[in-house]
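Observations on chain architecture
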Amino acid sequence: MEAEKAEKISVSNLFKVFGSEPEKALDLYKQGLSKEQILEKTGQTIGVIDANFTVYEGEIFVVMGLSGSGKSTLVRLLNRLIEPTAGSVVVDGIDVTAADADSLIDIRRHRMSMVFQSFALFPHLTVLQNTLFGLELAGVPSAQQQEKGREVLEQVGLSPWADAYPDELSGGMKQRVGLARALANDPGILLMDEAFSALDPLIRAEMQDELMKLQSAFQKTIVFISHDLDEATKIGDRIAVMEGGKIAQIGTPDEILTNPANDYVRSFFRGVDISQVLTAGDIARKTQVTVLDRQRTGLRAALSRLQEYERQHGYVVDRGQRFHGVVSVESLSRELKAAEPDLHRAMLTDVEPIPASTTISDIVGRIAESPYGLPVVDEKQTYLGVISKTTLLQAFDKETDLHPGDEGAAADPATPQPSAPDTNQQAAP
């Protein structure tokens, strides 16, 4: 059983009202008035409305929405760069909203760092000096600063530019310096507010890849603010979609894509490239004939099952459902002519199963070229099902449900018959 994830940030009933009479605005909200009505009556603007969510340790949590939706305000409430009007933000068990000045400084220096869109580099300081700025403020000894600074510059690929100045760097390199400075204090949490939006598309994609690589290596908890849908679905473990100060929906990219909470979320995700969101494990279907691999026997039973269901290919698994290979009517018939038939010799060569975590965009070519549906396995090589051409086409048509009865036609175009149930038969000679 997967271990329960630790809560890193817990946000409860969080509000932010901009104006001189925030309590009045909150009272009107509790009476049922809308954000627009409250602004008209009081001149108070509610930037964040009753936000509730948890960010788990080691995940990238993306907050996205249109301009004015409240996403940048929300991230600044997490470290109290903006003072909340009501509610709580708990980080590592510490209530940030109740912290005194000294405790808040300690939280910002040691528990969370922030990366801004504008780079915020000091032009008169070198790359290394910019990286060390937070450590210097924290009073870290000079030798320790230098060691840590060069270590994080190595992590972000900037070691050769340690003595360069910001005006000698490209936009992407400047953002790497900002990331290095945030990492230098070794915080558990990174807050990234539109961190890559000022970069050109190519450099932006490179920085997204760099962030995911760093995340894989160091497992930071990241709250990432973005207005870019492709960026959010690419890097986010979960996404919170904001509308008018409220969180409209929270879920994984594929959860939101396949089950949007309302019309706003649905319209937001309408143009998303699902090939970058859905994975092989999301669309694999157990609708093909499977054959149990037992002591290399069972060719006649396997051939009989394929003929019964008018299939050209079968998928061989063991009792633990681990994938072993693919057989065909032709390969089984040929092996049965041998003096000592062997199921393993009947398996097709060069069949490479698809890892469940592979995005659809990375397998389109393989599926299109394969004469049979390709098997999908998890990290333990457990058989999860098959992706056929039809499965793939249906996945791209978000308005169409996947119908198991269509699988056979995709795997074996010559036999457009209803699919066989995926049953693990003990094959006997």
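Please read all numbers here as calculations on a predicted model, not as lab measurements.

The subject of this paragraph is the packing of aromatic side chains. Taken as a whole and judged by the stated rule, the model has four aromatic pairs. With centroids separated by 5.5 Å and ring planes inclined at 70°, the aromatic side chains of F15 and Y29 adopt a geometry described as edge-to-face. Of this pair, F15 sits in strand β1 (residues 7–18) while Y29 sits in helix α1 (residues 22–30), and the two are 14 residues apart along the sequence. Taking relative accessible area as the criterion, F15 reaches 9% and is therefore assigned buried. By relative accessible area, which is 21% here, Y29 ends up partly exposed. With a centroid separation of 5.2 Å and 10° between ring planes, the pair formed by F53 and F61 is classed as stacked.

What follows covers the side chain of T221. With respect to the helices and strands, the residue T221 is situated in strand β8 (residues 221–226). Classification of T221 as buried rests on a relative accessible area of 0%. Among the polar contacts made by the side chain of T221, one reaches the main-chain amide nitrogen of G58 at a distance of 2.9 Å.

What follows concerns the sheet that holds strand β15 (residues 374–377). Here three strands make up an open sheet; going across it, the order is β14-β15-β16 and the pairing mixed. Both outer strands of the open sheet, β14 (354–355) and β16 (383–387), are each paired with one neighbouring strand and no more. Inspection of the sheet shows β14 paired to β15 by two bridges, in the parallel sense. Note that in β15 the partner of I354 across the bridge is V376.

Cut-offs used in this document
- Residues numbered from 1 in each chain as written.
- Predicted model: local features only at pLDDT ≥ 70, side-chain atom pairs only at ≥ 80, totals over all residues.
- Heavy atoms only, no water.
- Phe/Tyr/Trp six-rings, centres within 6.5 Å; stacked < 30°, edge-to-face > 60°.
- Helix = DSSP H or I, 4+ residues; strand = E, 2+ residues; numbered from the N terminus.
- Buried < 20%, exposed > 50% of the residue type's maximum accessible area, 1.4 Å probe, protein only.
- Polar contact = N/O pair within 3.5 Å; in protein donor to acceptor, adjacent residues only side chain to side chain.
- Pairing = 2+ DSSP bridges.

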